[in-house]
Amino acid sequence: MTRYRHLLQQVRTLGHYTTDEEAERVLDAVVSLLGSQLTGEERCDLAAVLPERARAVFATQIPLPTPVTAPAFVESLAHALGTSLTAARWDASSVLAALATLAGDHLTDRLLAYLPRGYALLFGRADLAAVA
């Protein structure tokens, strides 16, 4: 099985999507939006572990000067997919949890350190950052 197909199957399983097309639509939307959030080494390192097709979607996005908050990420995804915030949160989590598995703990930790607080739950992790 190709790396892309494996990622797509993970997303389909995690998200309980009924078809590959549905899972691929969500995967593309989340990876595209994530591509606009990351810069520097984190962007390069994530691109290096993505399967070629997902990397192409990711790399075509021009990064924003600073990443948006997790709620704004979900809002943008809801708009892109034409769905509710609840469905978009589910979609984001399905893809980002699969990406966390693909990227491994070290890179996922770096991504979460780079992104604003609140993304951990979308990646399928507890948000254990200390509150000041």
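Calculation notes
Residues numbered from 1 in each chain as written. Predicted model: local features only at pLDDT ≥ 70, side-chain atom pairs only at ≥ 80, totals over all residues. Heavy atoms only, no water. Phe/Tyr/Trp six-rings, centres within 6.5 Å; stacked < 30°, edge-to-face > 60°. Helix = DSSP H or I, 4+ residues; strand = E, 2+ residues; numbered from the N terminus. Buried < 20%, exposed > 50% of the residue type's maximum accessible area, 1.4 Å probe, protein only. Salt bridge = Lys/Arg side-chain N within 4 Å of Asp/Glu carboxyl O. Axes fitted to C-alpha atoms, helices over the stretch in contact; angles between N-to-C directions. Parallel < 35°, antiparallel > 145°, perpendicular 65-115°, else oblique. Contact = heavy atoms within 4.5 Å. Nonpolar A, V, L, I, M, F, W, Y, C, P; charged D, E, K, R; others polar.

Undergrad: Would you mind going over the packing of aromatic side chains in detail, with residue names and values included?
TA: A complete count under the given rule lists one aromatic pair for this structure. On the basis of an interplanar angle of 70° and a centroid distance of 5.6 Å, the ring pair of F73 and Y119 is categorised as edge-to-face. Taken together, the residues F73 in helix α5 (residues 70–81) and Y119 in the segment after α6 (85–114) connect sequence positions 46 residues apart. For the residue pair F73 and Y119, the accessibility class agrees, reading buried in each case.

Undergrad: Any chance you could break down the pattern of salt bridges for me, citing the residues and the numbers?
TA: On inspection of all chains with the given rule, the structure shows eight salt bridges. Between R12 and D20 there is a salt bridge, with its nearest N and O atoms 2.8 Å apart. Here R12 falls in the partly exposed class, since its relative accessible area comes to 25%. Each member of the salt-bridge network shares a partner with another, and the members are R5, R12 and D20.

Undergrad: Explain the packing of α5 against α6 to me, using residue names and the numbers behind them.
TA: One way to put it is that α5 packs onto α6 with a least axis distance of 8 Å and a crossing angle of 105°. Classed by the angle they form, the pair α5 and α6 counts as roughly perpendicular. Taking contact as the criterion, the partners of F73, V74, E75, L77, A78 and L81 in α5 are, on α6, L85, A88, R89, D91, A92 and L96. Broken down by class, the residue content of the contact of α5 with α6 amounts to nine nonpolar, no polar and three charged.

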